[in-house]
Amino acid sequence: RYATAEEGARAYAATPEGIADLAARDAPPPPPQPQLPSNSELSSSELIRSERSSTGFKGVYKVSSGATPYYAKVYRKGTTVILGRYA
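This is a predicted model, so every value here is computed, not measured.

A. Main features of the side chain of Thr55. Looking at the secondary structure, you find Thr55 in the loop between helix H2 (16-24) and strand S1 (60-62). Among the polar contacts listed, one links the side chain of Thr55 to the side chain of Ser53, at a separation of 2.9 Å. Reaching out from Thr55, the side chain makes a polar contact with the backbone oxygen of Val60 at a distance of 3.1 Å. Setting aside residues no more than four positions away along its own chain, Thr55 makes contact with Ala5, Val60, Tyr61, Lys62 and Tyr70.

Right, dumping it as structure tokens:
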């Protein structure tokens, strides 16, 4: 789990799905064989925001009010892939 929604959004944005979302919102397309950025390399402007999500970020979900109340996930080829849950 992530301590903040922004941490979860960084994990989502570093996935192939996040990179595709960035490209879809008029970001420059990734290089032909991109090296995926690490979570810390992504700036706040590169995170995928969502008006429909209660966290404000696509792929980030709030599950509790504990020390790490957020987790990130993507749907890949019909399967849910959990990107991180931290205690």
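Okay, back to it.
B. Broad picture of the nonpolar core. Counting 16 residues, the largest nonpolar core has Phe57 and Val60 as the members making the most contacts within it. Sorting the residues of this core by element identifies helix H1 (5-13) and strand S2 (70-76) as the ones contributing at least two each. Take this core: its biggest share by element is five residues, from H1. If near-sequence neighbours (up to four positions away) are discounted, Phe57 is found in contact with Ala5, Glu6, Ala9, Leu47, Ile48, Arg49 and Ser50.

C. Looking closely at the environment of Arg85. Positionally, Arg85 belongs in the segment after strand S3 (79-84). In this structure, the C-alpha to C-alpha distance between Arg85 and Ala72, residues 13 residues apart in sequence, is 7.6 Å. Contact partners of Arg85, with chain neighbours within four places excluded, come to Arg1 and Tyr71.

D. Highlighting the pairing of S3. Relative to S3, S2 is paired through five bridges, and the arrangement is antiparallel. When the sheet's bridge partners are listed, Ala72 is paired in S3 with Gly84. Hairpin remark: S2 followed by S3, antiparallel, with two residues in the connecting loop; positive phi at Lys77, about 55 degrees.

E. Representation of H1 within the structure. Most of H1 sits inside the fold, with seven of its nine residues counted as buried. Burial in H1 covers these residues: Ala5, Gly8, Ala9, Arg10, Ala11, Tyr12 and Ala13. Tucked inside the fold, the buried residues of H1 contact H2, S1, S2 and S3.

F. Region of the structure containing the pattern of salt bridges. All told, the structure shown has three salt bridges when counted by the stated rule. Here Glu6 ties to Arg10 by a salt bridge, and the two come within 2.8 Å at their closest N and O atoms. Of this pair, Glu6 and Arg10 both sit in helix H1, four residues apart, which is roughly one turn of that helix.

What counts and how
Residues numbered from 1 in each chain as written. Predicted model: local features only at pLDDT ≥ 70, side-chain atom pairs only at ≥ 80, totals over all residues. Heavy atoms only, no water. Helix = DSSP H or I, 4+ residues; strand = E, 2+ residues; numbered from the N terminus. Polar contact = N/O pair within 3.5 Å; in protein donor to acceptor, adjacent residues only side chain to side chain. Contact = heavy atoms within 4.5 Å. Core = buried A, V, L, I, M, F, W, Y, C linked by side-chain atoms within 4.5 Å. Buried < 20%, exposed > 50% of the residue type's maximum accessible area, 1.4 Å probe, protein only. Pairing = 2+ DSSP bridges. Salt bridge = Lys/Arg side-chain N within 4 Å of Asp/Glu carboxyl O.

The analysis is restricted to geometry; functional conclusions fall outside its scope.
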